[in-house]
Amino acid sequence: MDRRRRVPARLRPRLSHGGDRPQLPFAPPGRAARPDHGVARPDRHRLRRPRQRRRAQDVGPSAHLGDAGRGTLMREKELRLALVCYGGISLAVYMHGITKEVWRMVRASRAAHAGEPPADGTQGVYRELIEEMEALAGIRFRVLADIIAGASAGGINGIFLAQAITTGQSLEPLTDLWLTSADVEALIDPEAAPASRFSKMWALPLAWVAAGRSADSVAALDDATRDEVRTKLSHFVRSRWFEPPFGGATFTGLLLDAFDAMARSEAGPRLLPDSQPLDLFVTCTDFTGHPERLKLNSPPEVLETEHRIVLGFSDHGATGTIGAIPELAFAARATSSFPGAFPPFTVGELDGVLAERDVAWPGR
């Protein structure tokens, strides 16, 4: 029995001369292909219809693509970012700029998806790139940042970025705060600062040596900036020795000021889809350490002191905050306890700063 009889004549593939491999019934040049043209399988001589694209559900309007609204033949793709923010005592302002651009890109994506007017600056540039990709590829494109991890300076800026994403608050106030308040003279502990301009005058040659090692870089600055660098370097060198010069409580207060500045900014909508969780991980070091049992072969187990701690936060897909402000300040201060620069962080330090500011810590 001819197996081709199972297939309707109009769909039956033509056989090549002297062979049994089916040829596809492609449309002649200049004519449109019929909707029932499919793919022939040489082993069974059967035809399969091309896979139909499913209709996108709950897709909002997209004016630049000419969509009429929901139910259009549009695919949607997401670029989901998992950020790892590196640390370093000199990377605080640098990492702030990186996280701020990620925040602007996510905001531009959300605004484009909602059909809102484009913004100015780099956020407007990201909006144009997203719209161009959508127009060329014929898809709805969205950028999300739903996993953030960091340590030290990266941990601090990662916490602020997570707070901005889940609450819709702005990161703009933090730029001025970093440039003004996160200053060497502002961070030095009042008890560690030199009592007068004559304190430790014998240490000034050390400052001159330190400045001389970067003489070319310092000389390239303008007069006002060069004098400021030399003054701050002299102040830092003549501060308290053999103990961290920066104040822990001072820096904790700076972190709380940053959260207050974000809360006073104009808040927008959450930068993640509904029910899409945001996860934040911040690493810190337990100064004392805690015992941890390890399973081995010989001996069967050993006890080792573990100093690594990972602090995790999640908003579980709900609008609000990634965590209580005192808890976020706890994580930011703990991850930035750079040895030699800041004293080790203690819970009592945070309790004292919160008491001075009359700030409650419900989960304490």
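Residues numbered from 1 in each chain as written. Predicted model: local features only at pLDDT ≥ 70, side-chain atom pairs only at ≥ 80, totals over all residues. Heavy atoms only, no water.

**Things to note about the side chain of serine 336**
Phase 1: For serine 336, the position within the fold is in the loop between α10 (325-335) and α11 (347-357).
Phase 2: Look at serine 336 and you get buried, because its relative accessible area is 5%.
Phase 3: Separated by 2.9 Å, the side chain of serine 336 and the backbone oxygen of alanine 332 make a polar contact.
Phase 4: Polar contacts involving the side chain of serine 336 include one to the main-chain carbonyl oxygen of arginine 333, which spans 3.1 Å. (Helix = DSSP H or I, 4+ residues; strand = E, 2+ residues; numbered from the N terminus. Buried < 20%, exposed > 50% of the residue type's maximum accessible area, 1.4 Å probe, protein only. Polar contact = N/O pair within 3.5 Å; in protein donor to acceptor, adjacent residues only side chain to side chain.)

**Quick word on the sheet that holds strand β6 (residues 139-151)**
Phase 1: Read across the sheet, four strands follow the order β5-β6-β7-β8 without closing on themselves; strand pairing throughout is mixed. The open sheet has two free edges, formed respectively by β5 (75-85) and β8 (301-314), since each of these has just one partner strand. Taken pair by pair, the neighbouring strands of this sheet meet at an average axis angle of 25°, ignoring direction.
Phase 2: One ladder, built from 13 bridges, connects strand β7 (residues 279-295) with β8; its direction is antiparallel. Its bridge partner being in β8, glutamate 292 is matched across the sheet by glutamate 304.
Phase 3: Strand contacts of helix α1 (residues 92-114): β5 and β6, with the helix running at about 150° to β6, the strand carrying the most contacts.
Phase 4: In this fold helix α3 (residues 153-167) packs onto β5, β6 and β7, with an angle of close to 140° to the strand it touches most, β6. (Pairing = 2+ DSSP bridges. Axes fitted to C-alpha atoms, helices over the stretch in contact; angles between N-to-C directions. Contact = heavy atoms within 4.5 Å.)

**Brief notes about the pattern of salt bridges**
Phase 1: All chains considered together, the criterion is met by 13 salt bridges.
Phase 2: The shortest N-O distance in the salt bridge between glutamate 172 and lysine 100 comes to 2.8 Å. Taken together, the residues glutamate 172 in helix α4 (residues 172-180) and lysine 100 in helix α1 connect sequence positions 72 residues apart.
Phase 3: The partly exposed category is assigned to glutamate 172, whose relative accessible area is 36%.
Phase 4: Two residues, aspartate 260 and arginine 357, come together in a salt bridge whose shortest N-O distance is 4.0 Å. Of the two residues, aspartate 260 is situated in helix α9 (residues 248-264) and arginine 357 in helix α11; the sequence distance between them amounts to 97 residues.
Phase 5: A relative accessible area of 36% means that aspartate 260 is categorised as partly exposed.
Phase 6: Sharing partners across several salt bridges, the network here consists of Lys100, Glu101, Arg104 and Glu172. (Salt bridge = Lys/Arg side-chain N within 4 Å of Asp/Glu carboxyl O.)

**What about the confidence of the model for the chain?**
Phase 1: Mean pLDDT over the chain works out to 75, with 62% of the residues at or above the 70 mark.
Phase 2: Note that pLDDT drops below 50 for residues 13-71; the model gives that stretch 74 contacts with residues more than four away or on any other chain. (pLDDT = per-residue confidence, 0-100.)

**Here we look at the nonpolar core**
Phase 1: Core analysis: the biggest nonpolar cluster contains 55 residues, and Ile159, Phe160, Leu161, Ile165, Leu171, Leu174 and Leu280 have the highest contact counts within it.
Phase 2: Residue contributions to this core peak at eight residues, all from α3.
Phase 3: Setting aside anything within four residues of it in sequence, one finds leucine 174 in contact with His96, Phe160, Ala258 and Met262. (Core = buried A, V, L, I, M, F, W, Y, C linked by side-chain atoms within 4.5 Å.)

**Section: α4**
Phase 1: Inspection of α4 places Leu174, Leu177 and Trp178 among the buried residues, and these make up the whole buried set. Along the long axis of α4, the arc covered by the buried residues comes to 100°, so they all point the same way. Exposed positions of α4 whose direction lies more than 90 degrees from the buried face are Asp176, Leu179 and Thr180.
Phase 2: Contact partners of the buried residues in α4: α1, α3 and α9. (Arc of directions from axis to C-beta.)

**With respect to the packing of α3 against α9**
Phase 1: Contact geometry for α3 and α9: axes closest at 11 Å, N-to-C directions at 20°. Here α3 lies roughly parallel to α9, going by the angle between them. Our pair here, α3 against α9, has a crossing hand that is right-handed. Here α3 contributes Ile156, Ile159, Phe160, Gln163 and Ala164 to the contact with α9, which in turn contributes Phe251, Leu255, Ala258, Phe259 and Met262.
Phase 2: Residue classes in the contact of α3 with α9 are distributed as nine nonpolar, one polar and no charged. (Parallel < 35°, antiparallel > 145°, perpendicular 65-115°, else oblique. Left-handed = near helix turned anticlockwise from the far one by under 90°. Nonpolar A, V, L, I, M, F, W, Y, C, P; charged D, E, K, R; others polar.)

**Some thoughts on a nonpolar patch on the surface**
Phase 1: On the surface, Val125, Leu129 and Met133 cluster together into a nonpolar patch covering about 250 Å² of accessible area.
Phase 2: By secondary structure assignment, the location of leucine 129 is in helix α2 (residues 121-137).
Phase 3: With a relative accessible area of 46%, leucine 129 lands in the partly exposed category. (Patch = residues over 30% accessible without salt bridge, like charges linked within 9 Å, V, L, I, M, F, W, Y side chains within 5 Å. Areas by Shrake-Rupley, 256 points an atom, 1.4 Å probe, with all protein chains shown as cover.)

**A closer look at unusual backbone geometry**
Phase 1: Residue proline 299 follows serine 298 across a cis peptide bond; omega there is 0°.
Phase 2: At serine 152, a position not held by glycine, the phi torsion is positive, near 55°.
Phase 3: Relative to the elements of secondary structure, serine 152 occurs in the loop between β6 and α3.
Phase 4: You can call serine 152 buried: its relative accessible area is 15%.

**As for the side chain of lysine 100**
Phase 1: Overall, lysine 100 belongs to the buried group, its relative accessible area being 8%.
Phase 2: Ignoring anything within four residues of it in the chain, the contact list for lysine 100 reads Leu171, Glu172 and Thr175.

**Structural notes on the packing of α1 against α3**
Phase 1: Running from N to C, α1 and α3 point in directions that differ by 25°, and their axes come no closer than 9 Å. One finds that α1 runs roughly parallel with respect to α3. The handedness of the crossing between α1 and α3 comes out as right-handed. Contacts from Ala92, Met95, His96, Thr99, Val102 and Trp103 of α1 reach α3 at Ala153, Gly154, Asn157, Leu161 and Ala164.
Phase 2: Here the residues of the contact of α1 with α3 sort into seven nonpolar, four polar and no charged.

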